[in-house]
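Spelled out from the first residue to the last, the chains are:
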Protein chains: 2
Amino acid sequence: MHEWKERTRPIRLERRFEFDSYEQTRDFLDELGKLCESINRFPDISFGKTYVNLTLMPESEEENAPLTDKDNETASKIDAILD
Amino acid sequence: MHEWKERTRPIRLERRFEFDSYEQTRDFLDELGKLCESINRFPDISFGKTYVNLTLMPESEEENAPLTDKDNETASKIDAILD
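K.L.:
For this particular structure, what's the right way to read the overall build of chain A?
P.N.:
When you go through chain A residue by residue, the secondary structure sums to two helices and four strands. The helix and strand sequence of chain A, counted from the amino end, reads β-β-α-β-β-α. Since a compact globule built from 83 residues should have a radius of gyration of about 12 Å, the 13 Å found for chain A is in line with a globular shape. Judged by the C-alpha coordinates and their principal axes, chain A covers about 40 × 25 × 20 Å. Buried residues in chain A amount to 40% of all 83 residues. By sequence separation, contacts in chain A at least 24 residues apart represent 61% of the contacts at least 6 residues apart. A total of about 5300 Å² of accessible surface is found on chain A, and carbon and sulfur atoms cover 42% of it.

Here you go:
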């Protein structure tokens, strides 16, 4: 199980990551960028000096498409950056 | 003059940048990261595949501190990345 929260309107997964320093935030964002490019999924990303908020929409772009196992896999791959 | 919008509650500068591709978005974010580290100012940054939204708070962390020339200079330095 991952720690993402499922939200509605629109349907999405969200997770907040907090860091102790800007350097840690930057390193996470660098790895996240590489991952996004390699799997061609681009979550919405909000960040400041020591936090990153991610919003992952369903992979299907159809209106009201549900979250699927593939979306949960993407979330788990993002979590794995911190392992 | 720069194209940032001054907002209140809290007092801040905001600007949205739009790009044609993820590569352009990433290049802008890379340069922005270098600039932020060099001037030690860290705006709140929100981005997706082809957009970046920036929020710049007043440099002074006192409550209700106004925006100053230094904040406008920071905004102009960010704009200059795209020149």
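Back to the text.
K.L.:
What's the story with the packing of aromatic side chains in this structure? I'm lost.
P.N.:
One pair of aromatic rings is described through two measures. These are the centre distance and the angle between the planes. This model, assessed by the stated rule, comprises nine aromatic pairs over all chains. Seen from their ring centres, tyrosine 22 of chain A and phenylalanine 42 of chain B are 4.4 Å apart, and the 45° between their planes marks the pair as tilted. Separated into two different chains, tyrosine 22 of chain A in helix H1 (residues 22-39) and phenylalanine 42 of chain B in the loop between helix H1 (22-39) and strand E3 (44-48) make up a pair that spans both. Taken together, Trp4, Phe17, Phe19 and Phe28 of chain A form an aromatic cluster joined through their ring pairs.

K.L.:
Would you take a moment to explain the environment of glutamate 62 of chain B for this structure?
P.N.:
Tracing the chain through its elements places glutamate 62 of chain B in the loop between strand E4 (51-56) and helix H2 (69-80). Classification of glutamate 62 of chain B by relative accessible area gives exposed; the value is 62%.

K.L.:
What is the right way to read the interface of chain A and chain B from this model?
P.N.:
Many structure descriptions define interface size as the accessible area lost when the parts assemble. Taken together, the contacts link 14 residues of chain A with 14 residues of chain B. Contact with chain B buries surface across chain A, with Tyr22, Phe42 and Phe47 of chain A losing the most and accounting together for 40% of the total. Across the pair arginine 26 of chain A and glutamate 37 of chain B runs a salt bridge, and its minimum N-O distance is 2.6 Å. At the junction of chain A and chain B, the tally comes to seven residue pairs in polar contact (both at pLDDT 80 or more). Counting residues per element, the ones that place at least two in the side of chain A that touches chain B are H1 and strand E3 (44-48) of chain A. The biggest single contributor to the side of chain A that touches chain B is E3 of chain A, with five residues. A per-class count over the side of chain A that touches chain B returns six nonpolar, four polar and four charged.

Rules and cut-offs
Residues numbered from 1 in each chain as written. Chains lettered and ligands numbered in written order. Predicted model: local features only at pLDDT ≥ 70, side-chain atom pairs only at ≥ 80, totals over all residues. Heavy atoms only, no water. Helix = DSSP H or I, 4+ residues; strand = E, 2+ residues; numbered from the N terminus. Rg over C-alpha atoms; globule rule 2.2 N^0.38 Å. Buried < 20%, exposed > 50% of the residue type's maximum accessible area, 1.4 Å probe, protein only. Contact = heavy atoms within 4.5 Å. Areas by Shrake-Rupley, 256 points an atom, 1.4 Å probe, with all protein chains shown as cover. Phe/Tyr/Trp six-rings, centres within 6.5 Å; stacked < 30°, edge-to-face > 60°. Buried area = accessible area lost by both parts, 1.4 Å probe. Salt bridge = Lys/Arg side-chain N within 4 Å of Asp/Glu carboxyl O. Polar contact = N/O pair within 3.5 Å; in protein donor to acceptor, adjacent residues only side chain to side chain. Nonpolar A, V, L, I, M, F, W, Y, C, P; charged D, E, K, R; others polar.

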